[in-house]
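What follows is the residue order along each chain.
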Amino acid sequence: MHELSLACSVVELVGCEMHRHGAGTLRSVEVTVGELSGVDSEAFAFSLQMVLDRSAYAGARVSLTRVTPRARCTLCGTCFEPTSLYMPCPQCGSHATRLVAGQEFRLASLTVETDEDKP
């Protein structure tokens, strides 16, 4: 289950960012996951929440943004939603297509409460 190792890596990255910015209390972690990224988004969200809850960031919530795949044919210019990485263009049948969205996996944002934010 590589989702657990990805979750551990994301929490490590969160720690680096929190330290770098001298942040306060982590409230949420938003991760963008493309549907063709090879990451099971449900398993990853579960794993990330589990790792966060067993870290210094217990109580932070996980927010996932799923990205629908989009591709463009380099021959005819048709844009379409592929169901796999190697789907041909539905318009001209060419395999000269380029995935423009749906394969990403990134830490999108952190929501942090600082001492200044507290009442």
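Since this is a predicted model, take the numbers as computed values, not measurements.

Rules used in this analysis
Residues numbered from 1 in each chain as written. Predicted model: local features only at pLDDT ≥ 70, side-chain atom pairs only at ≥ 80, totals over all residues. Heavy atoms only, no water. Axes fitted to C-alpha atoms, helices over the stretch in contact; angles between N-to-C directions. Helix = DSSP H or I, 4+ residues; strand = E, 2+ residues; numbered from the N terminus. Parallel < 35°, antiparallel > 145°, perpendicular 65-115°, else oblique. Left-handed = near helix turned anticlockwise from the far one by under 90°. Contact = heavy atoms within 4.5 Å. Nonpolar A, V, L, I, M, F, W, Y, C, P; charged D, E, K, R; others polar. Salt bridge = Lys/Arg side-chain N within 4 Å of Asp/Glu carboxyl O. Buried < 20%, exposed > 50% of the residue type's maximum accessible area, 1.4 Å probe, protein only.

**A look at the packing of helix 1 (residues 2–21) against helix 2 (residues 41–53)**
At step 1: Two numbers describe how helix 1 lies on helix 2: the axes approach to 8 Å, and their chain directions differ by 50°. In terms of their interaxial angle, helix 1 and helix 2 are classed as oblique. Between helix 1 and helix 2 lies a crossing whose hand is right-handed. Across the interface between the two elements, Glu3, Leu4, Leu6, Ala7, Cys8, Val10 and Val11 from helix 1 touch Ala43, Phe44, Ser47, Leu48, Met50, Val51 and Leu52 from helix 2.
At step 2: Along the lines of polarity and charge, the residues of the contact of helix 1 with helix 2 split into 12 nonpolar, one polar and one charged.

**Here's the deal with the pattern of salt bridges**
At step 1: Evaluated as defined, the whole model comprises two salt bridges.
At step 2: Residue Arg20 is joined to Glu17 by a salt bridge in which the shortest nitrogen-to-oxygen separation is 2.9 Å. Of this pair, Arg20 and Glu17 both sit in helix 1, separated by three residues, roughly a single helical turn.
At step 3: In this structure, Glu113 and Arg27 form a salt bridge, with 3.3 Å as the shortest nitrogen-oxygen distance. With Glu113 in strand 6 (residues 105–113) and Arg27 in strand 1 (residues 25–34), this residue pair connects regions lying 86 residues apart in the sequence.
At step 4: Residue Glu113 is classed as partly exposed on the basis of its relative accessible area of 23%.

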